[in-house]
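Reading the structure
Take a look at the letters that make up each chain.
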Amino acid sequence: QGRLVESGGGLVQPGGSLRLSCAASGFTFSNYAMNWYRQAPGKERELVAGITSNGGTNYADSGKGRFTISRDNAKRTVYLQMNSLKPEDTAVYYCYARFITIEYWGEGTLVTVSS
C-alpha cells in the first residue's frame, strides 16, 4: 500500500520562504505523476502544482513565479519550494500521487503565513 508523508510546513512571515517535502513509499515512485494541493479554511481543495513522471511541470496561477515543484526519484521525494509567501497561501498542503487509476493522498502539512 502506498504512503505519502509531507513535512516542512510551519509558521512563516509574509515574504518568507518554505520548502515542503513529500516522501513516498510502497509504490514505484518514478512512474507516478505527483501533485501538491492545498485547502484553506472554509475553501475547497485546489491544485497548486504538478510534475509528471517525465519531469514536466504545471502551476496554478496563484503560484506561478513564486512556487517551484521538483522531484528526486532516487530519494522518492517531491518538493515544493515556496517563495514570497502571502497570507492567502495559508492552508494545509497535501501531496498526491497518481498512476492511471491508482492514487494516494498524504495527510497534509499546515502552512501559516502571518506576521
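Refer to the structure presented above.
In this report, the structure presented in the accompanying data block is examined. On a predicted model such as this, the values are computed, not experimentally measured, just so you know. (Residues numbered from 1 in each chain as written. Predicted model: local features only at pLDDT ≥ 70, side-chain atom pairs only at ≥ 80, totals over all residues. Heavy atoms only, no water.)

Focus: the overall build of the protein chain
Cut-off, in case you're wondering: Numbering of helices and strands runs from the N terminus, with a helix taken as a DSSP run of H or I at least four residues long and a strand as a DSSP run of E at least two residues long. Both definitions apply: the radius of gyration is a C-alpha atom measure, and the globule rule equals 2.2 Å times residues to the power 0.38. Only protein chains enter the area calculation, which uses a 1.4 Å probe; residues under 20% of their type maximum are buried, those over 50% are exposed, and those in between are partly exposed. Contact between two residues is taken to exist if any of their heavy atoms lie within 4.5 Å; hydrogens are not considered. The Shrake-Rupley method, run with a 1.4 Å probe, gives the accessible areas here. Residue values count only the displayed protein chains as cover. Counted as positive: Lys and Arg. Counted as negative: Asp and Glu, with His and the chain ends omitted from the count. Where a charge sits is defined by one atom per residue type, namely NZ (Lys), CZ (Arg), CG (Asp) or CD (Glu).
Broken down by element type, the protein chain carries 0 helices and 11 strands. Reading the secondary structure of the protein chain in the N-to-C direction produces β-β-β-β-β-β-β-β-β-β-β. The C-alpha atoms of the protein chain give a radius of gyration of 13 Å, which matches the 13 Å a tight globule of 115 residues would have. Sorting the 115 residues of the protein chain into buried and exposed places 40% on the buried side. Within the protein chain, residue pairs in contact and separated by at least 24 positions form 54% of the contacts whose partners lie at least 6 positions apart. Accessible surface, the protein chain: about 6,100 Å² in total, of which carbon and sulfur atoms supply 46%. Taken as two groups, the 12 positive and 9 negative side-chain charges of the protein chain have centres that lie 5 Å from each other.

Concerning the layout of surface pockets
Note the threshold: Here a cavity denotes a set of grid points, spaced 1 Å apart and computed over the protein atoms alone, in which a 1.4 Å probe fits but from which it cannot get out, and a pocket denotes an open set meeting protein on both sides within 12 Å along at least five of seven lines; residues with an atom within 4 Å of a point are reported as lining. Grid points are joined across faces, edges and corners, and a volume is the space filled by probe spheres set on the points. Residue polarity follows a fixed list, in which Ala, Val, Leu, Ile, Met, Phe, Trp, Tyr, Cys and Pro are nonpolar, Asp, Glu, Lys and Arg are charged, and the others, Gly among them, are polar.
Computed from the structure, the largest pocket encloses a volume of approximately 160 Å³. For the largest pocket, the full set of lining residues is Arg38, Ala40, Lys43, Glu44, Glu46, Ser62, Arg66, Lys86, Glu88, Asp89, Thr90 and Ala91. For the lining of the largest pocket, the class distribution of residues is 2 nonpolar, 2 polar and 8 charged.

A short note on a nonpolar patch on the surface
Note the threshold: Patches here are clusters of residues that have more than 30% relative accessible area and form no salt bridge, with a 9 Å joining cutoff for like charges and a 5 Å cutoff for nonpolar side chains (Val, Leu, Ile, Met, Phe, Trp, Tyr). Note on definitions: salt bridges are taken to be side-chain nitrogens of Lys or Arg within 4 Å of carboxyl oxygens of Asp or Glu.
A cluster of nonpolar side chains, namely Phe99, Ile100 and Ile102, defines an oily patch on the protein surface of about 270 Å² accessible area. Tracing the backbone shows isoleucine 102 in strand β10 (residues 102-105).

Observations concerning the state of the cysteines
Applied cut-off: Throughout, disulfides are identified as pairs of cysteine sulfur atoms within 2.5 Å of each other.
Counted under the stated rule, the structure contains 1 disulfide. Two residues, cysteine 22 and cysteine 95, share a disulfide whose sulfurs are 2.1 Å apart. On the sign convention where negative is left-handed, the bridge of cysteine 22 and cysteine 95, at about -85° about the S-S bond, is left-handed. Here cysteine 95 lies in strand β9 (residues 91-99) and cysteine 22 lies in strand β3 (residues 18-25), a separation of 73 residues in the sequence. When sorted by exposure, cysteine 22 lands in the same class as cysteine 95, which is buried.

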